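Structure assessment
Read off the chains here:
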Amino acid sequence: MTSTRRLARARWPILFILLVLLLALALQSASAAFPGLNGKIVYTHGGNPQSSREIYTITPDGTGSDPTNLTSNSLNDNESAWSPDGTRIAFMRQIGNHEIFIMNADGSDPVNLTNYGQKDHGPAWSPAGDKLAYYAWLGANQDVYTINSDGTGKIRLTTHAGNDREPAWSPDGTKIAFGSYRDGNAEVYVMNAADGLGKTNLTNNAAWDAYADWSPDGSKIAFTSNRDGNNEIYVMNANGSNQVNLSNSPSSSEVFPAWSPDGSLIAFQTDRNGNNDIYVMNADGTGQIQVTFDSIHESNPDWQPLVAGAVIDDIEDLLDQGDLNNGQADSMIVKLDGASAKIEDGNYRAAANKLNAFINQAEAFVHSGKLDAQTAQALIDHVQLMIDQLRG
């Protein structure tokens, strides 16, 4: 990729300057956030008999320094999942029935989506963020459903007498992986997301296989299996071939794998320290580090994608708004380069400070007449989204 320095020196028109500035922070638009930059991990804190369950977030840097309670109530909140743009979280809340809720990344404005009088569990976002898959009890049976992200348009995808549960949407939006007991034991299946047709057993193993999660590029699926005598994190190709044990921890139980948005890491839950904690490892199983350290159980991780929004569409509206000279463009790019480096290091607070410096520079250019107000505001809006996500 052409460096930001070379682009700035070439005095390209404002379209390309803005592309460079924003793409330094976001690899893709909000409607295609796979792969993306790695944000915070959302997880469940607590659980019987210790306490009620709450939804927490944490920076996965191994220090355990910033666990944040998003729900803070006496209800049981569990099974959380980040939206593809990293701004919302879907989760299960027990309010009599178990219901699927959505809230903002800071825990504000929780909204009940289901209200169907069933037990609804395991929400999973579509890559476009316009739908969710989940599973629900209909009588004693569990089946997979989809709904629109506003709670309308409920569709039942499975109808087998064996339980079907824990859906996971493929990054291209065409498939849903799920755990199924239709063969008498738990297996990982895949089906068409639109209509539930084309159901295919991927694991085909006599052991218990469940909790599937797609890699961001859609080429692999991580899952949990007890085929080695205990629960371990496995990975396989998306067609079910080449099933490999990644966690290799024979004295403990590892479940609920969750890929990082950039595809380089996998978060998971383990009891290797006596209670459930969140760990992270490289995608090949090496480099396993502890992320949460509380004596209360911590479970069900999911990884936040950091994206800047629908960059291209907005920039097209800013064509021919003027140019910045080399030094002015460079001074803004330096701040964004610094923010990107801090994000890669997991230092989100420092990254947010760098982005604030960028906003201050844009405002100064407006006051001095070097950048028009409309262009600057579009830049600021995108960068402010990143700041909100980093501090969320």
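In what follows, the accompanying structure is described.

Points about the overall build of the protein
- When helices and strands are counted, the protein shows six helices and 24 strands.
- Considering the protein as a whole, with its 392 residues, one finds that 55% of them fall into the buried category.
- In the structure as shown, the protein presents an accessible area of about 15500 Å², 48% of it carried by carbon and sulfur atoms.

As for the layout of surface pockets
- Its boundaries defined by the atoms lining it, the largest pocket holds a volume of some 810 Å³.
- Secondary structure elements with two or more residues in the lining of the largest pocket: β4 (76-82), β8 (119-125), β12 (164-169), β16 (209-214), β20 (254-259) and β24 (298-306).
- When grouped by side-chain class, the residues that make up the lining of the largest pocket number 25 nonpolar, eight polar and five charged.

Comments concerning the environment of P167
- The residue P167 is located in strand β12 in this model.
- Of the residues examined, P167 reaches a relative accessible area of 7% and is grouped as buried.
- Setting aside its immediate chain neighbours within four residues, P167 contacts G122, A124, A133, Y134, Y135, V144, I176, A177 and F178.

Side note on the side chain of D120
- Mapped onto the fold, D120 is located in strand β8.
- No salt bridge forms around the buried D120; measuring N to O, its nearest opposite-charge neighbour K154 is 6.1 Å away.
- Within polar-contact distance, the side chain of D120 engages the side chain of T114 at 3.1 Å.
- With sequence-adjacent residues up to four places away left out, D120 is seen in contact with M92, H98, E99, I100, T114, Y134, Y135 and A136.

Description of helix α5 (residues 348-367)
- The end-to-end C-alpha separation of α5 is 29 Å, in line with the 28 Å expected for 20 residues at 1.5 Å each.
- Here α5 has its buried residues at Y348, A350, A351, A352, L355, F358, I359, Q361, A362 and F365.
- Of the residues flanking the end of α5, it is G369, one or two places downstream, whose phi is positive at about 80 degrees.

A word on unusual backbone geometry
- Located in the positive-phi region is E79, a residue other than glycine, with phi close to 55 degrees.
- With respect to the secondary-structure elements, E79 resides in strand β4.
- Take E79: its relative accessible area is 15%, and that puts it in the buried class.
- Backbone geometry places E166, a non-glycine residue, at a positive phi of 50 degrees.
- With respect to the helices and strands, E166 occurs in strand β12.
- Accessibility expressed as a relative area gives 13% for E166, which makes it buried.

Observations concerning the sheet that holds strand β21 (residues 265-270)
- Taken in spatial order, the four strands line up as β20-β21-β22-β23 in an open sheet, and their pairing is antiparallel. Two strands lie at the open edges of the sheet, namely β20 and β23 (289-290), each paired on one side alone.
- Summarising the sheet, β21 and strand β22 (residues 277-282) pair through six bridges and their orientation is antiparallel. Of the residues in β22, the one forming a bridge with L265 is N282.

As for the nonpolar core
- Ranked by size, the top nonpolar core spans 13 residues in total, and within it L355, F358, I359, L371, V383 and I387 carry the most contacts.
- Of all elements in the fold, only α5 and α6 (373-391) reach the threshold of two or more residues within this core.
- No other element matches α5, which puts six residues into this core.

Regarding the pairing of β8
- A large share of β8 lies buried, amounting to six of its seven residues.
- Here five bridges tie β8 to strand β9 (residues 131-138), and the two strands are oriented antiparallel to one another. The residue bridging H121 from the neighbouring strand is Y135, located in β9.
- Hairpin connection from β8 to β9: five residues lie between these consecutive antiparallel strands, with G129 at a positive phi of about 80 degrees.

Calculation notes
Residues numbered from 1 in each chain as written. Predicted model: local features only at pLDDT ≥ 70, side-chain atom pairs only at ≥ 80, totals over all residues. Heavy atoms only, no water. Helix = DSSP H or I, 4+ residues; strand = E, 2+ residues; numbered from the N terminus. Buried < 20%, exposed > 50% of the residue type's maximum accessible area, 1.4 Å probe, protein only. Areas by Shrake-Rupley, 256 points an atom, 1.4 Å probe, with all protein chains shown as cover. 1 Å grid on protein atoms, 1.4 Å probe; cavity = no way out; pocket = protein on both sides within 12 Å on 5 of 7 lines; lining within 4 Å. Points joined across faces, edges and corners; volume = space filled by probe spheres on them. Nonpolar A, V, L, I, M, F, W, Y, C, P; charged D, E, K, R; others polar. Contact = heavy atoms within 4.5 Å. Lys, Arg positive; Asp, Glu negative; His and termini not counted. Salt bridge = Lys/Arg side-chain N within 4 Å of Asp/Glu carboxyl O. Polar contact = N/O pair within 3.5 Å; in protein donor to acceptor, adjacent residues only side chain to side chain. Expected span 1.5 Å × (residues − 1). Pairing = 2+ DSSP bridges. Core = buried A, V, L, I, M, F, W, Y, C linked by side-chain atoms within 4.5 Å.

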